[in-house]
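Understanding the architecture of this molecule
This is what each chain is made of:
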Amino acid sequence: MSDQLAAVLAMVSGLSEEDRRTLVALISGRPPPGHPASRAKRIRNALLIGCWAEFFPDRSPYDAAQEIATAWRRYAADAWPRDRLMSLDSCPVKYAGTIRSWLWALQVESPGSLSAETIRKILGQVELTNRKDHRLPH
């Protein structure tokens, strides 16, 4: 198992069992219908969904996408240039347990931030089980 995949698995360990199953399905060889076929895109989407579940579970896909897009854009412009020079094999220890650990993984898997609208579309494809407002299924 690659160091990057091990880091991603460690980050998702705090999610509910159902949310972990959803993320595993997204990065597996057989993605659910409607999800991208490219492994890199499935990993990117799983990271975005995991970030939502970890840091913004009470937020709607729209609000969470705004937060993630803003944080990702800032990270990519500010800290990423230094971080990528240090190592692409392991996330800086100082980011453990923070949103920056997810942003680092996103930059490694998918350099360049996505728009809030694109992130919202990705987040809107799943239902989080640890949300307090429990959206109705589509």
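Quick notes on the rules
- Residues numbered from 1 in each chain as written.
- Predicted model: local features only at pLDDT ≥ 70, side-chain atom pairs only at ≥ 80, totals over all residues.
- Heavy atoms only, no water.
- Phe/Tyr/Trp six-rings, centres within 6.5 Å; stacked < 30°, edge-to-face > 60°.
- Buried < 20%, exposed > 50% of the residue type's maximum accessible area, 1.4 Å probe, protein only.
- Helix = DSSP H or I, 4+ residues; strand = E, 2+ residues; numbered from the N terminus.
- pLDDT = per-residue confidence, 0-100.
- Contact = heavy atoms within 4.5 Å.
- Core = buried A, V, L, I, M, F, W, Y, C linked by side-chain atoms within 4.5 Å.
- Axes fitted to C-alpha atoms, helices over the stretch in contact; angles between N-to-C directions.
- Parallel < 35°, antiparallel > 145°, perpendicular 65-115°, else oblique.
- Nonpolar A, V, L, I, M, F, W, Y, C, P; charged D, E, K, R; others polar.
- Salt bridge = Lys/Arg side-chain N within 4 Å of Asp/Glu carboxyl O.

Attention now moves to the packing of aromatic side chains. For the coordinates displayed, the defined rule picks out two aromatic pairs. Relative to Trp80, the ring of Tyr75 has its centre 6.2 Å away and its plane inclined at 55°; by these criteria the two rings are tilted. Neither residue differs from the other here; Tyr75 and Trp80 are each classed as buried. Both rings, one in Tyr75 and one in Tyr95, keep their centres 6.1 Å apart while their planes meet at 80°; by these two values the pair is edge-to-face. With a gap of 20 residues between them, Tyr75 in helix H4 (residues 61-77) and Tyr95 in the loop between helix H5 (80-86) and helix H6 (99-109) connect regions that are remote in the sequence. The same class applies to Tyr75 as to Tyr95, namely buried. Chaining the aromatic ring pairs together yields one cluster made of Tyr75, Trp80 and Tyr95.

Okay, the confidence of the model for the chain next. For the chain, per-residue confidence averages 80 on the pLDDT scale, and 70% of positions sit at 70 or higher. Here helix H1 (residues 3-12) is the element of the chain with the lowest mean pLDDT, 65, and H4 is the one with the highest, 96. In this model residues 132-138 is a low-confidence stretch, pLDDT under 50, and it forms 16 contacts with partners more than four residues away in sequence or in other chains.

Glancing now at the nonpolar core. Residues Leu48, Trp52, Ile68, Trp72, Tyr75, Ile119 and Leu123 are the most contacted members of the largest nonpolar core, which totals 32 residues. Counting only elements with at least two residues in this core, the list comes to helix H3 (39-55), H4, H6 and helix H7 (116-123). Among residues more than four places away in sequence, those in contact with Trp72 are Leu48, Leu103, Leu106, Gln107, Ser110, Gly112, Ser113, Leu114 and Ile119.

It is at 10 Å that the axes of H3 and H6 come closest, and there the two elements cross at 170°. The orientation of H3 with respect to H6, classified from their angle, is roughly antiparallel. Within the contact between the two elements, H3 uses Ile43, Arg44, Leu47, Leu48, Gly50, Cys51, Glu54 and Phe55 and H6 uses Ile99, Trp102, Ala105, Leu106 and Glu109. Its residues assigned to classes, the contact of H3 with H6 comprises nine nonpolar, one polar and three charged.

Evaluated as defined, the whole model comprises three salt bridges. For Asp78, the salt bridge goes to Arg100, with nearest N and O atoms at 3.8 Å. Of this pair, Asp78 sits in the loop between H4 and H5 while Arg100 is found in helix H6, placing the two residues 22 residues apart along the sequence. For Asp78, a relative accessible area of 42% corresponds to the partly exposed category. Looking at Arg100, the relative accessible area reads 29%, which means it is partly exposed. As a salt-bridge pair, Arg120 and Glu117 come within 2.8 Å of each other at their nearest N and O atoms. Pair noted here: Arg120 and Glu117 are both in helix H7, with a separation of three residues, about one helical turn. Assessed through its relative accessible area of 27%, Arg120 is described here as partly exposed. Judged by its relative accessible area of 39%, Glu117 falls in the partly exposed class.

Turning our eyes to something else, we now look at H6. Of all 11 residues in H6, nine are buried; the element is thus mostly enclosed. Looking at H6, one finds that the buried residues are Ile99, Ser101, Trp102, Leu103, Trp104, Ala105, Leu106, Gln107 and Val108.

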